[in-house]
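Chains, contacts and geometry: an overview
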Amino acid sequence: MPIVLKGFETLVQRAVRHYWQTLEGQGAKQRTGIADRGGRAAVTGGKQMMGFCHLVQDVLTKNGVPSVHVFTEQRLELPGYFRPTKQWDMLVVSEGQLIAAIEFKSQRGPSFGNNFNNRTEEAIGTAQDLWTAYRERAFGTQPRPWLGWVMLLEDCPRSNTPVAVNEPHFKVFEEFRGASYAGRYELLLRRLVLEKLFDGAAFLMATERQGRRGAYSEPADDLGMRPFLAALTGHAMAVKASRS
C-alpha cells in the first residue's frame, strides 16, 4: 500500500503559523510590565510545537495508524537507563510495542549560542538514554523503534551569520569553521541520523513575520518534512504488515 502524504504541506504551514501565534500569545500573558526578556517568557510557556504533533498524527492516521495508538498530550513517559523516565513529545505505542518516539523542538533569538549547545546535548543524551534502555530490554524483546527529531529555527540575521569558534588547544572540524547556527543545526541533525542516534530528522526555518502566515523554508532536502514523514509512516506500516 502506498504512503499517503497528500496535503501535508498545508499542515506544515498551519503548524508553523501555530508556532508563531502561540509564542505571541504566551509572551503577552507572561510579561508583567517587565521589558521583553529575549523571548524567554514565550518559549517557556510550552505548546508552541503542538501544531507539528497534530501534523504527524494526522499523517499517521491517514495511513492506517489508529489515533488511540498516538500519544501527544499525556502518557508520554518512557523508561530510561540513566534516569527513571523521559517524557517525549509524541509516542506511537501499539499492543505493548513502542513503534516510534518523536521530539519537536524550536529555537528563536536572540540567544542562539547557549541554546544550541543545550539542544545538542539534549538530543544526544535523549537518544543515548533510550537506546541503552532498549539494549537492556526496558521495552521487552520488541523490534527496534523509530526515533525522530523535528527542529524549527527562527530565520533571522543572527541565526544565519557565521559564528567564530574558540580553538585554544585543538582544531575543530573544518565544517564547523565559519558555520552559522543554522549551519550547525543542519550538521547536527544530519549527524544524529548518520550515527543512528535518530532514524529521521527534519529541519525547518521561518522568519517571525512570514512565519505568522505559515511561510517556512527547508535548508536541506534530506532534512525535509516529506522524507521525515515518509520514513516514519513507512516504519509504522511495516510494523502493521508484520502482524498481519
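Heads up: the structure comes first, above all this text.
This report concerns the structure included in the present document.

Cut-offs used in this document
Residues numbered from 1 in each chain as written. Predicted model: local features only at pLDDT ≥ 70, side-chain atom pairs only at ≥ 80, totals over all residues. Heavy atoms only, no water. Core = buried A, V, L, I, M, F, W, Y, C linked by side-chain atoms within 4.5 Å. Buried < 20%, exposed > 50% of the residue type's maximum accessible area, 1.4 Å probe, protein only. Helix = DSSP H or I, 4+ residues; strand = E, 2+ residues; numbered from the N terminus. Contact = heavy atoms within 4.5 Å. Axes fitted to C-alpha atoms, helices over the stretch in contact; angles between N-to-C directions. Parallel < 35°, antiparallel > 145°, perpendicular 65-115°, else oblique. Nonpolar A, V, L, I, M, F, W, Y, C, P; charged D, E, K, R; others polar.

In terms of nonpolar packing, the biggest core is built from 37 residues, with Phe52, Phe104, Met225 and Leu229 touching the most fellow members. Those elements giving two or more residues to this core turn out to be helix H1 (8-30), helix H3 (50-62), strand E4 (90-94), strand E5 (97-107), strand E6 (146-154), strand E7 (200-206) and helix H8 (225-243). With eight residues, H1 is the single largest residue contributor to this core. Those residues within four positions of Phe52 in sequence are excluded, and the remaining contacts are Ala15, Val16, Phe104, Val150, Leu152 and Leu204. Grouped together as the second largest cluster of nonpolar side chains are 34 residues, Phe139, Leu192, Ala201 and Met205 included.

Before going further, it helps to examine the side chain of Thr132. Along the chain, the position of Thr132 falls in helix H4 (residues 112-135). For Thr132, a relative accessible area of 6% corresponds to the buried category. Here Thr132 is in contact with Tyr81 and Phe82, once residues within four sequence places are set aside.

Right, let's get into the packing of H4 against helix H6 (residues 181-194). Helix-helix packing is characterised by the crossing angle of the two axes and by the distance between the axes. H6 packs onto H4 with a crossing angle of 5 degrees between their chain directions and a minimal axis gap of 11 Å. On the basis of their axis angle, the class for H4 and H6 is roughly parallel. Across the interface between the two elements, Phe112, Gly113, Asn115, Phe116, Arg119, Thr120, Ala123 and Ile124 from H4 touch Tyr181, Arg184, Tyr185, Leu188 and Leu192 from H6. Across the contact of H4 with H6, the residue classes tally to eight nonpolar, three polar and two charged.

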